[in-house]
Amino acid sequence: MTRTPKIPQTEHSIPWFWPMASAIEMEEEGLRLFQDNMRYIAEAAKIEAPPPPAWATPNRVIRNLDTMRLRDFSGADADKTAVPVLIDAPYAGHSSTIADYTKGQSLVESLLASGLPRVLCTDWKPATRAMRDFGIDTYLSDLDRAVDALGGRVALVGLCQGGWLSAMYACLFPEKVLALVLAGSPVDTDAGNGPIKRMAHELPLSFYEEMVAAGGGRMLGQYMLAGWKDMHPDEQYVGKFIDLYAHIEDNSYIQRTEEFERWYENPIDLPGRYYLQSIQWLFKENRFAKGEFVGLGQTLSLKTITCPLYLLAGASDDITTKEQVFAAEHLVATPRGHIVKKLVPGGHIGLFMGSRTLKEAWPQIGAWLLTNTRAGGPAAAPQNPKSAPHD
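Note that the coordinates shown come from a computational prediction; the quantities given were computed from them, not determined experimentally. (Residues numbered from 1 in each chain as written. Predicted model: local features only at pLDDT ≥ 70, side-chain atom pairs only at ≥ 80, totals over all residues. Heavy atoms only, no water.)

**As for the overall build of the protein chain**
Reasoning step 1: For the protein chain, the helix and strand inventory stands at 16 helices and 12 strands.
Reasoning step 2: A burial count over the protein chain gives 51% of its 391 residues as buried.
Reasoning step 3: Within the protein chain, contacts between residues separated by at least 24 positions form 78% of all contacts whose residues are at least 6 apart in sequence.
Reasoning step 4: Only carbon and sulfur atoms are counted for the fraction: they give 54% of the accessible area of the protein chain, which is about 18,100 Å². (Helix = DSSP H or I, 4+ residues; strand = E, 2+ residues; numbered from the N terminus. Buried < 20%, exposed > 50% of the residue type's maximum accessible area, 1.4 Å probe, protein only. Contact = heavy atoms within 4.5 Å. Areas by Shrake-Rupley, 256 points an atom, 1.4 Å probe, with all protein chains shown as cover.)

Below you can see the structure in the form of structure tokens.
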């Protein structure tokens with residue numbers, strides 16, 4: 001028996017509308033699919049152009065500097081004599097809110113819950129055209145201003161790029177840093193064999209200079225975002241939309257996706273000078289690990305660092321490989337008994353916002369920070385620590 005084909009009642013020739021047209025043909029069953037498709041289109045638009053990220057934990061800005069806002073998350077009744085823990089957030093193309101991602105999934109929240117009374121964070125500003133000539137020295141100088149505003153003695157928690165900046169600061173002002181945490185931080189950029197290392201060495205400096213020139217003296221966030229996505233093109237351009245469609249009726253999944261895309265799809269611009277210095281001096285020439293980097297007029301040696309050191313790396317991190325992080329153990333002068341190395345499951349971003357790492361690793365780091373900052377830390381600090389020249 002020959003089946004009579006059903007004549008479509010709607011126009012199917014416009015590709016964008018095919019999910020809706022075909023769903024209508026399926027009558028009642030199609031109505032639900034039609035509704036799902038409509039939700040998918042709306043959600044896909046949201047995750048491609050989401051609103052900017054926001055801080056999850058109540059805070060106040062206590063300093064507004066050229067490069068950053070210094071945010072204080074401490075409670076009103078916090079012990080003002082306690083050593084401040086300053087999170088040095090990444091300044092690598094995304095918002096500093098990665099340190100305070102969302103309620104119940106926040107590094108700031110984890111550290112506060114571990115009993116640390118004073119927790120602060122650098123909120124790095126997107127580069128304006130007026131900031132295009134800011135270099136690494138500008139950021140080291142403002143970090144020193146922030147530390148001085150907190151009394152001149154802190155524990156630093158450096159995340160990704162914030163880690164090498166914090167390590168540089170500890171080299172410049174060892175008396176001001178009582179403890180140092182480096183999480184996913186590329187200290188020795190020649191170690192390991194990750195894609196960032198290969199890109200830095202294989203692409204000529206002129207490639208990066210041309211992108212900065214195209215951005216009018218800045219490295220535009222949209223350029224960097226495209227580069228990050230191209231590291232995992234199947235996931236970024238296809239996979240996440242397939243997953244979105246598969247979970248379109250799962251409100252919890254939709255909420256988590258929207259929260260992540262608010263952070264991920266809103267990149268920030270960087271000063272061209274800072275970016276090119278980072279590429280050439282750190283990733284191409286590896287000056288910091290070799291003891292050849294000059295910051296604020298001083299040649300920096302990692303052997304200057306003697307404070308307690310905590311190194312955190314992700315087992316599948318392809319941005320900063322574990323070798324680049326753990327190499328610091330052999331480059332600093334901190335006694336081996338005062339160095340902790342921890343390798344956790346997951347990739348780069350998960351080190352700072354992954355639920356498992358926030359629940360399991362960061363409370364341990366918080367306890368370690370408490371031990372190493374209590375009563376002034378393991379060694380008494382000088383009474384008159386030096387500062388960078390402040391204009």
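Having seen it, we continue.
**Quick word on the side chain of Lys197**
Reasoning step 1: One can find Lys197 in helix α6 (residues 195-202).
Reasoning step 2: Buried and without a salt bridge, Lys197 has Asp190 as its closest oppositely charged side chain, separated by 5.5 Å.
Reasoning step 3: A distance of 2.8 Å separates a polar atom in the side chain of Lys197 from the backbone oxygen of Gly192.
Reasoning step 4: Apart from the residues lying within four places of it in its own chain, the contact partners of Lys197 are Thr189, Asp190, Ala191, Gly192 and Gln324. (Lys, Arg positive; Asp, Glu negative; His and termini not counted. Salt bridge = Lys/Arg side-chain N within 4 Å of Asp/Glu carboxyl O. Polar contact = N/O pair within 3.5 Å; in protein donor to acceptor, adjacent residues only side chain to side chain.)

**Some points on the pattern of salt bridges**
Reasoning step 1: By the definition in use, this model includes 11 salt bridges.
Reasoning step 2: Between Glu360 and Arg356 there is a salt bridge, with the nearest N and O atoms lying 3.4 Å from each other. With Glu360 and Arg356 both in helix α15 (residues 355-360) and 4 residues apart, the pair spans about one turn of that helix.

**Concerning the pairing of strand β2 (residues 68-72)**
Along any regular strand the residues' side chains alternate between the sheet's two faces.
Reasoning step 1: For β2, the tally of buried residues reaches 4 of 5 residues, placing the bulk of the element in the interior.
Reasoning step 2: As judged from the 4 bridges shared by strand β1 (residues 60-64) and β2, these two strands associate in the antiparallel manner. When the bridges of β2 are listed, Arg63 appears paired with Leu70.
Reasoning step 3: Taken together, β1 and the strand that follows it, β2, pair antiparallel across an intervening segment of 3 residues.
Reasoning step 4: In terms of strand pairing, β2 meets strand β4 (residues 119-124) through 5 bridges, oriented antiparallel. Within β4, the residue paired with Met68 across the bridge is Trp124. (Pairing = 2+ DSSP bridges.)

**Focus: the state of the cysteines**
Reasoning step 1: In total, this model carries 0 disulfides according to the counting rule given.
Reasoning step 2: Cys171 supplies the cysteine sulfur nearest to Cys307, a cysteine that is in no disulfide, at a spacing of 9.5 Å.
Reasoning step 3: Given a relative accessible area of 10%, Cys307 falls into the buried group. (Disulfide = S-S within 2.5 Å.)

**Let's talk about the environment of Thr189**
Reasoning step 1: Here Thr189 is to be found in the loop between β6 (177-183) and α6.
Reasoning step 2: Residue classification places Thr189 among the buried positions, given a relative accessible area of 3%.
Reasoning step 3: At 2.6 Å, the side chain of Thr189 forms a polar contact with the backbone oxygen of Leu282.

**Examining unusual backbone geometry**
Reasoning step 1: With a phi angle near 55 degrees, Asn286 is a residue other than glycine that sits in the positive phi range.
Reasoning step 2: Mapping Asn286 onto the fold places it in the loop between α11 (272-284) and α12 (287-290).
Reasoning step 3: Exposure remark for Asn286: the relative accessible area of 3% places this residue in the buried category.
Reasoning step 4: Not every positive phi belongs to a glycine, and Leu296 is a case in point at roughly 50 degrees.
Reasoning step 5: Summarising the element assignment, Leu296 is placed in the loop between β9 (294-295) and β10 (298-299).

**Overview of the sheet that holds strand β3 (residues 85-88)**
The strands that make up a sheet pair up through hydrogen bonds in the backbone, lying either parallel or antiparallel.
Reasoning step 1: Strand order in the open sheet made by the 8 strands is β1-β2-β4-β3-β5-β6-β11-β12, with mixed pairing throughout. On the outer flanks of this sheet lie β1 and β12 (339-344), each paired with one strand and no other. Taking the axes of each pair of neighbouring strands and ignoring which way they run, one obtains an average angle of 20 degrees across the sheet.
Reasoning step 2: Across the sheet, helix α4 (residues 136-149) touches β1, β2, β3, β4 and β5 (154-159), and the angle it forms with β2 is around 30 degrees.
Reasoning step 3: Here helix α16 (residues 362-373) sits on the sheet in contact with β3, β5, β6, β11 (309-314) and β12, set at roughly 165 degrees to β6. (Axes fitted to C-alpha atoms, helices over the stretch in contact; angles between N-to-C directions.)

**Some details on the nonpolar core**
Reasoning step 1: Of all hydrophobic cores here, the largest spans 93 residues; its most connected members are Ile87, Trp362 and Leu369.
Reasoning step 2: It is helix α5 (residues 161-172) that contributes the most residues to this core, 8 residues altogether.
Reasoning step 3: With sequence-adjacent residues up to four places away left out, Leu369 is seen in contact with Val85, Leu111, Leu116, Ala155, Val157, Ala179 and Val181. (Core = buried A, V, L, I, M, F, W, Y, C linked by side-chain atoms within 4.5 Å.)

**Focus: the packing of aromatic side chains**
Reasoning step 1: Applying the stated criterion across every chain, the model contains 14 aromatic pairs.
Reasoning step 2: Between Phe288 and Phe293, the aromatic rings sit 6.4 Å apart at their centres with planes inclined by 70 degrees, giving edge-to-face as the arrangement. Considered together, Phe288 and Phe293 belong to a single accessibility category, that of buried residues.
Reasoning step 3: Aromatic ring contacts, followed pair by pair, group Tyr91, Trp124, Phe134, Tyr139, Trp164 and Tyr274 into a single cluster.
Reasoning step 4: Here the guanidinium or amino end of Lys176 rests over the ring plane of Phe173, the centre of that ring lying 4.8 Å away.
Reasoning step 5: In this arrangement the basic side chain of Lys341 is found over the ring face of Phe326, its NZ or CZ atom lying 5.1 Å from the centre. (Phe/Tyr/Trp six-rings, centres within 6.5 Å; stacked < 30°, edge-to-face > 60°. Lys NZ or Arg CZ within 6 Å of the ring centre and 35° of its normal.)

**What to know about the environment of Lys80**
Reasoning step 1: With respect to the secondary-structure elements, Lys80 resides in the loop between β2 and β3.
Reasoning step 2: Separated by 38 residues in the primary sequence, Lys80 and Arg118 have C-alpha atoms spaced 7.7 Å apart.
Reasoning step 3: If we ignore the near neighbours within four places in the chain, the residues touching Lys80 are Gly75 and Arg118.

**Some thoughts on the confidence of the model for the protein chain**
Low pLDDT marks stretches whose predicted atomic positions should not be read closely.
Reasoning step 1: For the protein chain, the mean per-residue pLDDT works out to 82, and 73% of the residues sit at or above 70.
Reasoning step 2: Counting interchain partners and residues more than four positions distant, the pLDDT-below-50 stretch residues 1-28 has 24 contacts.
Reasoning step 3: Low pLDDT (under 50) marks residues 33-47, which in the prediction has 34 contacts with non-local residues, meaning those over four places away or in another chain. (pLDDT = per-residue confidence, 0-100.)

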